[in-house]
Amino acid sequence: MQLVKSRLQKPDASNGTLFDGFPRRGSQVPMLDNVRSIKAAIMLSLREDVLFEKAINRRVCSNCKRNYNTAHIVEGSMRMPAILPAVDMICDSCGGTLEHRSDDQPETVKARLELAKALNKEVSDAYQQTHRLFEFQLTSGVADMWPKLKDYIKTSVITLRDKPHDP
């Protein structure tokens with residue numbers, strides 16, 4: 001928590017902060033509230049079957065660690081395109097070789113998803129109890145979802161900035 005506290009004291013964090021994957025446990029929510037008043041938590045939700053397919057089809061550059069994905073999912077309103085390099089298995093950024101991570105095997109991914117689901121529930125419950133949880137459903141790739149997420153934050157979440165809450 002000391003690392004988070006130190007980072008939040010920097011000038012560029014004075015008008016708001018975006019955490020990715022923190023807090024990880026429900027017990028960390030009140031600790032974070034003691035460091036900085038958290039006005040809203042946005043939970044990005046993705047269907048578990050889609051998340052599983054994306055995880056087992058991830059490819060990572062062995063050199064620069066850029067991520068790619070071979071899963072192309074089009075089902076109903078779900079549009080998750082593959083993220084492929086221009087040349088098969090060669091990184092567009094540095095020319096390195098793409099690898100399939102050993103921890104992206106189906107059984108390992110299933111176990112990671114089960115653990116993440118339990119931990120996410122602890123955190124989401126903690127923010128839900130204080131009416132600070134907002135859920136945003138992902139239905140397509142970054143290029144399509146990023147503008148929608150920014151709009152959602154502006155229209156649904158940003159109004160909370162000036163409202164007090166009781167952690």
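Predicted, not measured: the structure shown is a model, and the values here were computed from it.

About the criteria used
Residues numbered from 1 in each chain as written. Predicted model: local features only at pLDDT ≥ 70, side-chain atom pairs only at ≥ 80, totals over all residues. Heavy atoms only, no water. Phe/Tyr/Trp six-rings, centres within 6.5 Å; stacked < 30°, edge-to-face > 60°. Helix = DSSP H or I, 4+ residues; strand = E, 2+ residues; numbered from the N terminus. Buried < 20%, exposed > 50% of the residue type's maximum accessible area, 1.4 Å probe, protein only. Polar contact = N/O pair within 3.5 Å; in protein donor to acceptor, adjacent residues only side chain to side chain. Contact = heavy atoms within 4.5 Å. Pairing = 2+ DSSP bridges. Salt bridge = Lys/Arg side-chain N within 4 Å of Asp/Glu carboxyl O.

A. Looking closely at the packing of aromatic side chains. Following the criterion strictly, the structure yields two aromatic pairs and no others. Ring geometry for Phe136 versus Tyr152: centroids 5.3 Å apart, planes at 50°, classification tilted. On the criterion of sequence distance, the pair formed by Phe136 in strand E7 (residues 133–137) and Tyr152 in helix H5 (residues 142–157) is long-range, its members being 16 residues apart.

B. Representation of the side chain of Asp104. Take Asp104: it is sitting in the loop between strand E6 (98–99) and helix H4 (106–129). Classification of Asp104 as buried rests on a relative accessible area of 0%. At 2.8 Å, the side chain of Asp104 forms a polar contact with the side chain of Arg58. A distance of 3.2 Å separates polar atoms of two side chains, one belonging to Asp104 and the other to Arg112. In this structure, Asp104 is in contact with Ala55, Ile56, Arg58, Val109 and Arg112, ignoring residues within four places of it in sequence.

C. Looking closely at the pairing of strand E2 (residues 58–61). The two faces of E2 match: Arg58 and Val60 on one face and Arg59 and Cys61 on the other face are all buried. With three bridges joining them, E2 and strand E3 (residues 67–69) adopt antiparallel strand pairing. Paired with Arg58 across the two strands is Asn69, which belongs to E3. Connecting the antiparallel pair E2 and E3 is a turn made up of five residues, with Lys65 showing a positive phi of about 70°.

D. Inspection of the side chain of Asn57 at higher detail. Turning to its location among the elements, Asn57 is positioned in the loop between helix H3 (48–56) and E2. The class for Asn57 is buried, based on a relative accessible area of 17%. With near-sequence residues (within four places) excluded, Asn57 lies in contact with Tyr68, Asn69, Thr70 and Ala71.

E. View of H3. Among the residues making up H3, those that are buried are Val50, Phe52, Lys54, Ala55 and Ile56. Residues of H3 that are buried in the fold lie against E2, E3, strand E4 (73–75), strand E5 (78–80) and H4.

F. The arrangement of the pattern of salt bridges in detail. Enumeration over the complete set of coordinates arrives at 14 salt bridges. With a closest N to O distance of 2.8 Å, Arg47 and Asp49 form a salt bridge. A relative accessible area of 41% places Asp49 in the partly exposed class. Three or more residues are tied together by salt bridges with common partners; here these are Arg58, Arg101, Asp103, Asp104 and Arg112.

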